[in-house]
Amino acid sequence: MEPHVESINEVKLPEGLRPFNNFVLDVMSWLNGLAHLVLGLALGAAVLLFTWLFVQDIWNAMGADNLAQGFLHGLGTLMLLWTVSALITAEIRYMRGHKLNVDTFVEVAIVVLVRKLITMPVQSTLPSPQEYLLWVGSAVLLGLMYLIVRYAQTIDAGEETLETPQPSVIDEGRRRDKR
C-alpha cells in the first residue's frame, strides 16, 4: 500500500483558501494552454516566413555575381528553418502531454552555432582567428553536452523499462494462441 502523499492544498492552505487556490490553478492551466497555442501558431508562421526568406535568398543568389555567397546565405536561412522545426517538434510533444526534453534545446543551440560558423565567411568583416576558435569550441562543447544528455536519456529509458516490463512479441503471440 502506498503512503498518502499530501498535496500543498492539504498541508499549507487554510480550508477557506482551497477553492480560490483551485480556481487560480485552473486559470493558470488554461492560460498556459493558450500560451502554447500562441507559440505553436507563431512557430508555424515562422516556417512560412523562413521558407519565403530562403526563396528570396536563392532568387537573389541567381542574380548576383557571387553564387557561393548567396548559397551560404540560403543555407543559413535553412538552418533557421531547421531550428524552428525542432522547436515545433518539441511543442507538439509537449501539447500531447509529453515532457520537454533538454536535448531539443541543446540541438537548437548547436544549429544556431553551426549557422553562425557557416555564415561567417560571407560576413562583411571576417572574425579574428580567436573569435572563430571560440565559436568552434562552443559548438564542440555543445556537441559533447548533447551526447551526454542523450546518453542520460537512454539510461533513464532503461530504468523505466526495468520498472515496467513490456510484453515481448512472443508473449503477445502466446496470449493470442490461448484465446
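Rules behind the numbers
- Residues numbered from 1 in each chain as written.
- Predicted model: local features only at pLDDT ≥ 70, side-chain atom pairs only at ≥ 80, totals over all residues.
- Heavy atoms only, no water.
- Helix = DSSP H or I, 4+ residues; strand = E, 2+ residues; numbered from the N terminus.
- Expected span 1.5 Å × (residues − 1).
- Buried < 20%, exposed > 50% of the residue type's maximum accessible area, 1.4 Å probe, protein only.
- Contact = heavy atoms within 4.5 Å.
- Salt bridge = Lys/Arg side-chain N within 4 Å of Asp/Glu carboxyl O.
- Polar contact = N/O pair within 3.5 Å; in protein donor to acceptor, adjacent residues only side chain to side chain.
- Core = buried A, V, L, I, M, F, W, Y, C linked by side-chain atoms within 4.5 Å.

## Describing helix α3 (residues 67-95)
Note: α-helices contain 3.6 residues per turn, so residues at a spacing of three or four share the same orientation. With 29 residues, α3 extends 42 Å between its outermost C-alpha atoms, agreeing within 8% with the 42 Å of an ideal straight helix rising 1.5 Å per residue. Looking at α3, one finds that the buried residues are G70, G74, G76, T77, M79, T83, V84, A86, A90 and E91. Elements that come into contact with the buried residues of α3 comprise α2 (18-63) and α4 (102-119).

## Some words on the pattern of salt bridges
Taken as a whole, this structure holds two salt bridges when the rule is applied. When the shortest N-O distance is used, the salt bridge between D103 and R150 registers 2.9 Å. Linking D103 in helix α4 with R150 in helix α5 (residues 129-163), this pair joins segments that are 47 residues apart in sequence.

## As for the environment of I148
In this fold, I148 is placed in helix α5. Separated by 45 residues in sequence, I148 and D103 place their C-alpha atoms 9.4 Å apart.

## Considering α2
With 46 residues, α2 extends 67 Å from end C-alpha to end C-alpha; this agrees with the ideal 68 Å at 1.5 Å per step. The set of residues buried in α2 consists of N21, H36, L43, A46, D57 and A61.

## Some remarks on the side chain of D57
With respect to the helices, strands and loops of the structure, D57 is situated in helix α2. Separated by 2.5 Å, the side chains of D57 and T77 make a polar contact. Those residues in contact with D57 that lie beyond four places of it in its chain are G70, H73, G74 and T77.

## Remarks on the nonpolar core
Ranked by size, the top nonpolar core spans six residues in total: V106, L113, L117, M120, A139 and L142. Secondary-structure elements contributing two or more residues to this core are α4 and α5. With three residues, α4 is the largest single contributor of residues to this core. For L142, the contacting residues outside a window of four places in its chain are V106, A109, I110 and L113.

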